[in-house]
Structures are given as structure tokens and as C-alpha cells.
Amino acid sequence: GVPNVGGDVYFDSGYDENCLVNVIAIGLAEEDQIISSRVPEEAHTEPYDIIIVGKPTDLSGLGGATLASRILDSERSESIGAVQLHDPFLKRVLVEATRKLLAQVRTSGLKIGFKDLGAGGISCAVSEMAGASGFGAEIDLNRVHVAIEGMEAFAIACSETQERYCLAVPTSFSPSVLRIFNEEYELPHIYRGARASVVGRVTDDGIFRVKHDGKVVVDVAVDLIIRAVEYDRPAKPRERPGRRQIQLHDINIEDLAMQLISSISIASKHYVYRHYDCEVKGMAVLRPGEADACVIAIPGTPFGIATTVDGNPRISKIDPYLGGAWAVVESVGNLACVGAVPIAITDCLNFGNPEDPCVMYDFNETVRGIGEAARALKPYGSDEPLPVVSGNVSFYNESSSGKAIPPSPIVGCYGVLDDYSVAPSLNFKQEASEIILIGKGHGGLGGSALLALLGRDDEGEPPQLDFEARRGALYATTEIVRTGKVLACHDISDGGLFVTLAEMCIGGRGVARVGAEVKLESGSFEQLLEFLFAEDGGFVIECNAELLPQVEQICNSHRADYIHIGKTTSGGYLEIIWNGGSLKIELGQLKSLWFDSLRGKVT
């Protein structure tokens, strides 16, 4: 099986008619054994076959890509066939057979191309593999194994049936491929009609040619298919009402804190992720909820991989540029909390109808924000930008009522630890430790969970980004954690500093054993609210008192702002003191509000 090693959950009325599920998968590969999804250059000097492996092509998934580019209408029923039907058991057999095939390929030194069939089916997979290397291809649809007799040519060529692969292999190696899938792993006996079939050949003319019943039904340059179509959509910013100044004078901070910690946006999501298995393969070091990023061990080594997925549609609704940038900032910050150095990010960019100039503007600004953040937040110890190695764009997330989702950039980040044993969880560990806040906040309650709770999303500005200051705090936190000087570490995000401290007292598993006393220097009441609830980044760490000078030295070396804000306690409460007031909540009450609230709100 595959372990589920993290994720994120957001609620917003904009998703009521268009729920989003973005799934990201990572794997390990030997660098010198990576198989490309393109026809190898060797096809210039020897004949290569095109082989389709897996489930027989049927009508499931026909028009799936078209469906994804259509505004949903609850009255339409003809889209049912556009939904692909999966078969996890067949996929498992395919994976094991492919493992055997690739082992033989590596041993023999052969060069092959390999691609999963996705949107557009055989037509897209074959043309993309050939076009990536400047080749053409010739396909005979009568040689494709199908589930239904008499299927039309366009259906065979474009159906998006699941559990299928496309291979480009030397003709001399084709019998071995057929033997592995059809005889050794017995695909025809596992699923009716499943098999490996040679369906065509690679050509040198750059033409994608498709035959059916002895007739040529497609004869077009590959480049015309994969590169020629471009859109230059008009884009314009939305007309937004003037940002009203936030007026929060008549607010009881204690009541507000209680409501916030139990709100659907902030409450623990363990009710969701506990349904998934994070222990498959037995490599979990830090599990979902235990830290800002999940950490899994690489067997037989001290190395670990850290993963996180982030995005905040509340910010994106106000400023799509900042929404994209903050998604990157949050993801790399989560890795810093466990001492991981980011290697790459991927993104899932979800929007409404791009034919709406405002949606197109949101998309453009989001991409700009992600790009600038990736260039500014270079990985710790590197002079190169953070690469965006993959991703997808999902448009037309809009219903016939005209309601579209908010701009929703979801960023996944992957990092590496030299020693996974130093990665701390987020919960406070012992009494009398020092609590340090690293990073200078830039205020701004716009886009915060606080204003969402109050129903005042149209007020305020989101926190601005100072990439240089953010980089210093990021590097300092990473180094402090990697040197083993941290007992706990948690970044400031949803709910601000108050929620960060509360979660560190409660812990991802709801143990709630160690409390904290924190003192804040605040000016006006508005400044206090920003200090407590603004989601402007930064890190809170717990360390032993004797290590405090070393922590300060590391912060100074990276020009990172830091302040000592308090100590951990055994008193069974979280207390926050400021000029003229205080907030004191028992840990048991905090746990009940945060750990158990979501179940009562979600059915």
C-alpha cells in the first residue's frame, strides 16, 4: 500500500457547489535509472514499437478532459461516461509487472519511453511521447485491445480508460514485454480483456498517423497537436470595494479565542485524517498532526523525507498574488519546523472559468506570486531558486448558478533531512523551557481565520511579504532545528500566534500535558489583536535555557528577528499576558475546544 503522509483541509462557502480534492504523490528513484516519458533518441537508428498495456479501452472516461473544461450543471446526465472507473487491484498487478519489466530494461541497458495514459487517452500519450523527441508515430486502432466490439475510432483513440500504460520499446524487445504482462503476470486472466498489445510504431517524419479499418483517420504533424494551440486570454483585476479599516474595539478577547480555537477552520482535522493509514511500510517518523510537516525515513539510512501541502483561499480571495506567494512561504516554513531543506515544490492551481477576465487575472497573479516566492526563498545552503518540478491547472470549477470557487493555489513541498532523528514534533515537551518567537510579523488581519469567524472577510489587508526577512527567519529556524537544539517547533499560520501556542500546548494527539506563560509587549488594542491573531508567519520554538545563547547566535548570523516571549509550565494552562490584560485557559478546556470540535460540525 501507499501511506498517507499529510495534507490540509479548508472550508469555504465558495466550495459548496465545487468541492476540491487535490492529491499529490511522491516516490524514490535512483537518479541514473529514471525512465523518461519520451521516445528515446535510439529510435533514429533502430525500429521502435508502441505498446499499450493494461485494461481494455472502453467508453469510461470518454471526454473526461472535456468534462473538466465544462461548467457543471446538475441537470446534465450525459457526463456520467466521462468519469473514469478505477480498479486498484489491476493497478497493483500492473505496477508489479512493470517493476519486473524495468529491472530487465536496466540489466540489458535498453532505452525505452514510458508514460501513463491520462487526459486524451492514446492520442495524447503517443503524440506527447513522440513529439517530446521530435519523432512521429503510426497507430493502428484495430490492434488496440478494447472492451466493446465496434467502438468508433475517436472513442478508441481518446477514451481515458484507467489502468493503462504506453511504452515505446525496441521492436526486438517487444516479445519480452508481451510475455511479462500477458504470460508471467497473466493480465488476460486477472481482468477480462486486459493485456499488452503492440499497436503501432515510431516514425521519423514528425507525423501522428492513425489508421482504423484500413483507412487513415488522422494524419497531422505532432507539433500541431502538442504545441500549436495557445490562448491569450484577456485579464483584468476584480472591482473590489475599498478596504474598510478594521474596527474591533468591542471584542472580548477570551470569548473570541474560545470561538476561534473551536471553529471549523482551526479545529483539529484528526477526524478526517485518522481514516487514512500513515503506517504502511513502517517508515513514518512524524505522522499527520504531530508536526508542521510529516517525516518518513528512507530505509537503511539516517535520511528522511519531509512533506507538506498548503494553501489559503481566504488570502487568495483578497489578493491572488499574495495567495500564491504565501502558499509557497507556508510550505517551506513547515519544512523548516522539522529541519528539512526543501528540494522542490509542485502546485495544483484551481480556478473558475478562465474566459472570465477576472478569473484569468487571478490565475496570472497567482502564478506570479508562486514564481517570485520560489525565486526569493532559495533552499537553505543553496544559491538556486526553489524549482517547481510538476503541477496541474484545473479551470472551470464553476456551476451553472455562476458561483465559482475562490482562487485556490495548493502547493506541495518536499524536503530532505540529513538525520531524521532531530526532527521535533510541535508539542511542548517539558516545563521551564524557553519559548522563542523567530521572525518579524508584518501585521494585517485580512484573510485571517479571525475575520472569517466574525463574517468580516471584506475588511483589512492581508499580511505583506518581506522576502528578505522571511528568508532570514527560515534559514535560522532550519539551522537551529538541524543542530538538535529544539524541543518543539511550530510555525504561525491559521489563527495566528494564539492558535500556534494553543496547539503546542495541546499537541497533535491531544495529550495537553505542558502549558505556557507568555508575555507580550503591545501598544494599542488593534496591535494586540494583530500580534495574537494575524497570520503573518514566524516560528515559535521551545528550547532548554542553557541553549538560548546558541539559538540567539544562529538568529543573529542570519539577521533573523527574535524575541523571548515566555516559558513552559506544569500549571495546566495557557496564559498570555499583555499591558493591561491577560488571557488564561485551562489545557483541558483548550483540548476539548480544539481536538473534538470538528466532529460535531462535519457530518
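The text that follows walks through the structure, step by step, so that each part is easy to find. (Residues numbered from 1 in each chain as written. Predicted model: local features only at pLDDT ≥ 70, side-chain atom pairs only at ≥ 80, totals over all residues. Heavy atoms only, no water.)

1. Some remarks on the nonpolar core
Alright, step 1. One finds Ala306, Val338, Ile345, Ile438, Phe467, Ile480 and Ile541 to be the most contacted residues of the largest nonpolar core, which totals 56 residues.
Alright, step 2. Of all the elements, helix H11 (residues 320–336) adds the most residues to this core, at 10 residues.
Alright, step 3. Not counting chain neighbours up to four residues away, the residues in contact with Val338 comprise Leu286, Ala291, Ala293, Val295, Ala306, Leu417, Ala423, Pro424 and Val481.
Alright, step 4. In terms of nonpolar packing, the next biggest core, distinct from the first, is built from 45 residues, Leu256, Ile266, Ala449 and Leu528 among them. (Core = buried A, V, L, I, M, F, W, Y, C linked by side-chain atoms within 4.5 Å. Buried < 20%, exposed > 50% of the residue type's maximum accessible area, 1.4 Å probe, protein only. Helix = DSSP H or I, 4+ residues; strand = E, 2+ residues; numbered from the N terminus. Contact = heavy atoms within 4.5 Å.)

2. Things to note about unusual backbone geometry
Alright, step 1. Not every positive phi belongs to a glycine, and Asp213 is a case in point at roughly 55°.
Alright, step 2. Of note, Asp213 is situated in the loop between strand E6 (207–212) and strand E7 (215–221).
Alright, step 3. In this structure Asp213 comes out as exposed when scored by relative accessible area, which is 55%.
Alright, step 4. Here Lys281, not a glycine, exhibits a phi torsion of approximately 75°, which is positive.

3. Things to note about the pairing of strand E9 (residues 294–297)
Alright, step 1. Here E9 shows a buried face lined by Cys294 and Ile296 and a second buried face lined by Val295 and Ala297.
Alright, step 2. Bridge analysis of E9 against strand E10 (residues 304–310) gives four bridges, and the strand direction is antiparallel. Considered in E10, the bridge of Ala297 is made with Gly304.
Alright, step 3. Taking the residues that link successive antiparallel strands as the turn, the E9-E10 hairpin has six residues, and the phi of Gly300 there is positive, at about 80°. (Pairing = 2+ DSSP bridges.)

4. Structural notes on the packing of helix H8 (residues 253–261) against helix H16 (residues 525–533)
Alright, step 1. In the contact formed by H8 and H16, the axes pass within 13 Å of each other and the chain directions differ by 25°. With respect to H16, the element H8 is oriented roughly parallel. Two packed elements cross with a definite hand, and for H8 against H16 that hand is right-handed. Across from Ile253, Leu256 and Leu260 in H8, the residues of H16 making contact are Phe525, Leu528, Leu529, Leu532 and Phe533. (Axes fitted to C-alpha atoms, helices over the stretch in contact; angles between N-to-C directions. Parallel < 35°, antiparallel > 145°, perpendicular 65-115°, else oblique. Left-handed = near helix turned anticlockwise from the far one by under 90°.)

5. Considerations on the packing of aromatic side chains
The geometry of an aromatic ring pair comes down to the distance between the two centres and the angle between the two planes.
Alright, step 1. Applying the stated criterion to the full structure yields seven aromatic pairs.
Alright, step 2. Ring geometry for Phe114 and Tyr165: centres 4.9 Å apart, planes at 55°, overall tilted. One end of the pair, Phe114, is in strand E2 (residues 113–116); the other, Tyr165, is in strand E4 (residues 164–170), with 51 residues separating them in the sequence. Residues Phe114 and Tyr165 agree in their burial class; the two are buried.
Alright, step 3. Through a chain of ring-to-ring contacts, three or more aromatic side chains come together here, namely Phe351, Phe363 and Phe395.
Alright, step 4. The ring of Tyr573 carries Lys584 above its face, with NZ or CZ at 4.2 Å from the centroid. (Phe/Tyr/Trp six-rings, centres within 6.5 Å; stacked < 30°, edge-to-face > 60°. Lys NZ or Arg CZ within 6 Å of the ring centre and 35° of its normal.)

6. Describing the packing of H11 against helix H12 (residues 357–376)
In a pair of packed helices, the angle between the axes and the distance between the axes together describe the arrangement.
Alright, step 1. For the pair H11 and H12, the least separation of the axes is 7 Å and the interaxial angle reads 35°. Where H11 crosses over H12, the two elements pack in a sense that is right-handed. Side by side, H11 and H12 meet where Pro320, Tyr321, Gly324, Ala325 and Val328 of the first sit next to Asp362, Glu365, Thr366, Arg368, Gly369, Ile370, Glu372, Ala373 and Ala374 of the second.
Alright, step 2. Its residues placed into classes, the contact of H11 with H12 shows seven nonpolar, three polar and four charged. (Nonpolar A, V, L, I, M, F, W, Y, C, P; charged D, E, K, R; others polar.)

7. Focus: the sheet that holds strand E18 (residues 562–569)
Backbone-to-backbone hydrogen bonds join strands into a sheet, with any given pair of strands oriented parallel or antiparallel.
Alright, step 1. The strand order E15-E17-E14-E18-E16-E19-E20 describes an open sheet built from seven strands, whose pairing is mixed. Unpaired on one side and paired on the other, strand E15 (488–491) and strand E20 (581–586) mark the two borders of the sheet. On average, adjacent strands in this sheet sit at an angle of 20° to one another, irrespective of strand direction.
Alright, step 2. As paired elements, E15 and strand E17 (residues 539–543) share four bridges and run antiparallel to each other. In the sheet register, Ala488 faces E17, and the bridge partner there is Glu542.
Alright, step 3. Helix H18 (residues 587–595) contacts strand E16 (515–520), strand E19 (573–578) and E20 of the sheet and is inclined by roughly 75° relative to E20.

8. Let's talk about the sheet that holds strand E13 (residues 408–417)
Alright, step 1. With mixed pairing, six strands are arranged side by side in an open sheet as E8-E9-E10-E13-E11-E12. Each edge of the sheet is formed by a strand with only one pairing partner; in this case those strands are strand E8 (284–286) and strand E12 (388–394). Direction aside, neighbouring strands of the sheet carry axes that sit 20° apart on average.
Alright, step 2. Bridge count between E10 and E13: seven bridges; the pairing is antiparallel. Within E13, the position partnered with Val309 by the bridge is Gly412.
Alright, step 3. Contacting strand E11 (341–350), E12 and E13, H12 runs over the sheet at an angle of about 180° to E11.

9. Regarding the environment of Val359
Alright, step 1. Within the element layout of this structure, Val359 appears in helix H12.
Alright, step 2. Of the residues examined, Val359 reaches a relative accessible area of 4% and is grouped as buried.
Alright, step 3. In sequence terms Val359 and Phe395 are 36 residues apart; their C-alpha atoms lie 9.3 Å from each other.
Alright, step 4. Ignoring anything within four residues of it in the chain, the contact list for Val359 reads Arg238, Phe351, Gly352, Asn353 and Pro354.

10. Some words on H8
Alright, step 1. Taken residue by residue, H8 has Ile253, Leu256, Ala257, Met258, Leu260 and Ile261 as its buried positions.
Alright, step 2. Buried-residue contacts for H8 involve helix H13 (449–453), helix H15 (496–506), H16, E19, E20 and H18.
Alright, step 3. Its side-chain oxygen 3.0 Å from the backbone nitrogen of Glu254, Asn252 forms the N-cap of H8. (Polar contact = N/O pair within 3.5 Å; in protein donor to acceptor, adjacent residues only side chain to side chain.)

11. Some thoughts on helix H3 (residues 121–131)
Alright, step 1. With nine of its 11 residues buried, H3 lies for the most part within the structure.
Alright, step 2. Along H3, the residues that are buried comprise Gly121, Ile122, Ser123, Ala125, Val126, Ser127, Met129, Ala130 and Gly131.

12. Some thoughts on the state of the cysteines
Alright, step 1. Under the counting rule described, the total for this entry stands at zero disulfides.
Alright, step 2. Of all cysteine sulfurs in the structure, the one in Cys348 sits closest to Cys19, which takes part in no disulfide; the separation is 16 Å. (Disulfide = S-S within 2.5 Å.)

13. A look at the environment of Pro320
Alright, step 1. Relative to the helices and strands, Pro320 is located in helix H11.
Alright, step 2. Sequence spacing of Pro320 and Pro407 is 87 residues, and the spatial spacing of their C-alpha atoms is 6.8 Å.
Alright, step 3. In this view, Pro320 contacts Arg240, Asp362, Glu365 and Thr366; residues no more than four positions away in its chain are not counted.

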